[in-house]
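Residues per chain, in single letters:
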Amino acid sequence: MSDAKRHLAVIGCGYWGRNLVRNFAELGALAGVADAHRDTEIAMATQYGVPARNVDEILTDKSITAVAIATPAAQHAALAKRALEAGKHVFVEKPLALDLGEAHALETRAAKKKRTLMVGHLLQYHPAYLKLRELAAKGEFGAIRHIRSTRLSLGKVRTEENVLWSFAPHDISMVLGLMGAAPRSVAAQATFALGTDIADSADVALQFEGGATATVLVSWLEPVKEQKLTLIGEKAMAVFDDTLAWESKLTLYRHRIEHKKGAPAALTRAEGERIALVPAEPLREECAHFLAAVAGKSPVRTDAAEGIRVLSVLEAAEKAMSSGTTETVIPAKAGIQTREALLDSGEEGLDSRLRGNDKDYFVHPTAVIDDGVTIGAGSKVWHFSHLLSGVTIGRDCTIGQNVMIGPDVTVGDRCKVQNNVSLYKGVTLGDGVFCGPSCVFTNVSTPRAEVARTSEYLPTKVGKAATIGANATIVCGNALGEYCFVGAGAVVTKPVKPHALVVGNPAKQIGWVGHAGERLGADLTCPREGRRYKVSAKGTLEEIAKEKLDVRPAKPGKKSRVA
């Protein structure tokens, strides 16, 4: 195999990334790997005979012309941006980004840099789905009336993104491809059966112009695996069941919907016809397609525009889950863009909050920012939010929709304040705090509508990297310690220790969490990072220093690895 063909590096070699490593290696393109976990990185590099590199080394190596990114979803946009800036062609696992603004910015940057940007919508490369689209294009189904897609399995439980963002991009991509249009509106419901603020199942309903509909049901908490798409057309129907053998994956039913006087009147049944397919690994086809696109041999099937179409539906579904309402889908090409994308476009007369002063942050036009507010670089303030006078927002924060902050509230760097949260005077968030959707803070212990008690506000300090679950209530005057975890719906009536896991009403401690937010078992070892802890004589959690564990320290001069 010629070294000249080895021009691609994979960033992120974990649960799914290792499959990309295998395929790009077998296609003769793999030139290096990077992963945040050194043991994983070394294992992949050794198995496939390529160097273990850190991200900086990969991006500065001119012999590496393309990268494939398979890190946690929250890192996709930032890493893709860095790679495009470094002149690399980029393949990003789904989702392309976690908000439309970031996705539009990536699309703009890729076009400006004249680089391929492809998103990993795997099932667009599945032979059964491609055949289904071919049959639809030929008119075999007539008008498509409904599509139902289910993706169900048991675990792995995610902690970064909910099941909607983890599973549903595949199904939404297929539905949009078959319908040939974006939905008009989206309704969605979520289930939190595991008691966290991460949805473990989601039911999404799409409404299209002309009355066609689609439903998507996804869950990682089902005892039996199901990956099935059912298409119902006026002239025929079909079932794509990816759990079956190749000869049975796609079945066509020439059932017909008969009409009388313009209205459905009867159903005509027919025997199922198994559709012959040429077996092929979808991921192999996807990886080969990316390499061909990079070489200029074919256009990109799942490009940034495809990623944005899917992302616009995901965002609407997320809003619908949080608000309990039906949401209108923002057309992909009219999506909200970040400051960076807007400035790249060269559009004149932009909002002074975007182009004025030397700040680099985004404020949606519907948000209200009072005088005397400070917003750090890289932060985003979304729809219908209000920041009152005296508020300070740190760097790289995300302030969701319908959020009210202030007056005189401080939010640290890298915080995420989800939809429908109010941070009143007296609340202070440390760096890296996560406030789940609709969580509640108070600032007076005995409020009355007709009694002024502005002098009785009690402070609530939230420590570094604390997590507050959806719909939790924090009664004022109770500090939350660093790295603590307040479960969804909990009511905090007393201070919470650092690293404590508390749930219930009133909230009680049921365990400990490590720095990464994972619950610690009886051995007090983090299952994600491998850090070990102990409970001190004072009843607090302490990390056991690595030197006390006889762990070999890193060699001097080695760069840290980020993936």
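That block above? That's the structure.
Participant: Sorry if this is basic, but what is going on with the pairing of strand S5 (residues 117-120) here?
Facilitator: The side chains of a regular strand alternate, residue by residue, between the two faces of the sheet. What you see with S5 is no split at all: Leu117 and Val119 on one side and Met118 and Gly120 on the other are buried throughout. In terms of strand pairing, strand S4 (residues 89-93) meets S5 through four bridges, oriented parallel. The residue bridging valine 90 from the neighbouring strand is leucine 117, located in S5. Viewed along the sheet, the connection from S4 through helix H5 (residues 100-113) into S5 turns out right-handed.

Participant: Can you walk me through the pairing of strand S1 (residues 8-11) in this structure?
Facilitator: On S1, burial covers both faces: Leu8 and Val10 on one face and Ala9 and Ile11 on the other are all buried. When S1 meets strand S2 (residues 30-34), the two strands line up parallel, connected through four bridges. Across the sheet, the residue bridging to isoleucine 11 is alanine 34, located in S2. Taken together, S1, helix H1 (residues 17-26) and S2 constitute a β-α-β crossover, and its handedness is right-handed.

Participant: What should I look at first to understand empty space enclosed by the protein in this one?
Facilitator: Rolled over the atoms, a probe sized like a water molecule indicates the empty space that remains. With the rule as written, the count across this model stands at two cavities of 30 Å³ or more. In this structure, the second largest cavity occupies an estimated 50 Å³ of space. Counting residues per element, the lining of the second largest cavity draws most heavily on strand S10 (residues 221-233), at three residues. Looking at the lining of the second largest cavity residue by residue, the class counts come to four nonpolar, one polar and three charged.

Participant: Would you explain the nonpolar core in this entry?
Facilitator: Counting 76 residues, the largest nonpolar core has Val90, Leu117, Ile147 and Leu164 as the members making the most contacts within it. It is helix H7 (residues 163-179) that contributes the most residues to this core, eleven residues altogether. Apart from residues lying up to four places away in sequence, valine 90 is in contact with Val67, Ile69, Ala80, Ala83, Leu84, Thr116, Leu117, Met118 and Phe290. Core analysis: the next-biggest nonpolar cluster, separate from the first, contains 45 residues, Ile375, Val381, Cys435 and Leu520 among them.

Participant: Can you help me understand the packing of helix H6 (residues 127-137) against H7 in this one?
Facilitator: When two helices pack together, their arrangement is given by the angle between their axes and by how far apart the axes lie. At a minimum axis distance of 10 Å, the contact between H6 and H7 shows a crossing angle of 20 degrees. Classified by the interaxial angle, the pair formed by H6 and H7 is roughly parallel. Like other packed secondary-structure pairs, H6 and H7 cross with a definite hand, here right-handed. Side by side, H6 and H7 meet where Tyr129, Leu132, Arg133 and Ala136 of the first sit next to Ser173, Met174, Gly177 and Leu178 of the second.

Parameters at a glance
Residues numbered from 1 in each chain as written. Predicted model: local features only at pLDDT ≥ 70, side-chain atom pairs only at ≥ 80, totals over all residues. Heavy atoms only, no water. Buried < 20%, exposed > 50% of the residue type's maximum accessible area, 1.4 Å probe, protein only. Helix = DSSP H or I, 4+ residues; strand = E, 2+ residues; numbered from the N terminus. Pairing = 2+ DSSP bridges. Right-handed = clockwise from strand over helix to strand, strands pointing away. 1 Å grid on protein atoms, 1.4 Å probe; cavity = no way out; pocket = protein on both sides within 12 Å on 5 of 7 lines; lining within 4 Å. Points joined across faces, edges and corners; volume = space filled by probe spheres on them. Nonpolar A, V, L, I, M, F, W, Y, C, P; charged D, E, K, R; others polar. Core = buried A, V, L, I, M, F, W, Y, C linked by side-chain atoms within 4.5 Å. Contact = heavy atoms within 4.5 Å. Axes fitted to C-alpha atoms, helices over the stretch in contact; angles between N-to-C directions. Parallel < 35°, antiparallel > 145°, perpendicular 65-115°, else oblique. Left-handed = near helix turned anticlockwise from the far one by under 90°.

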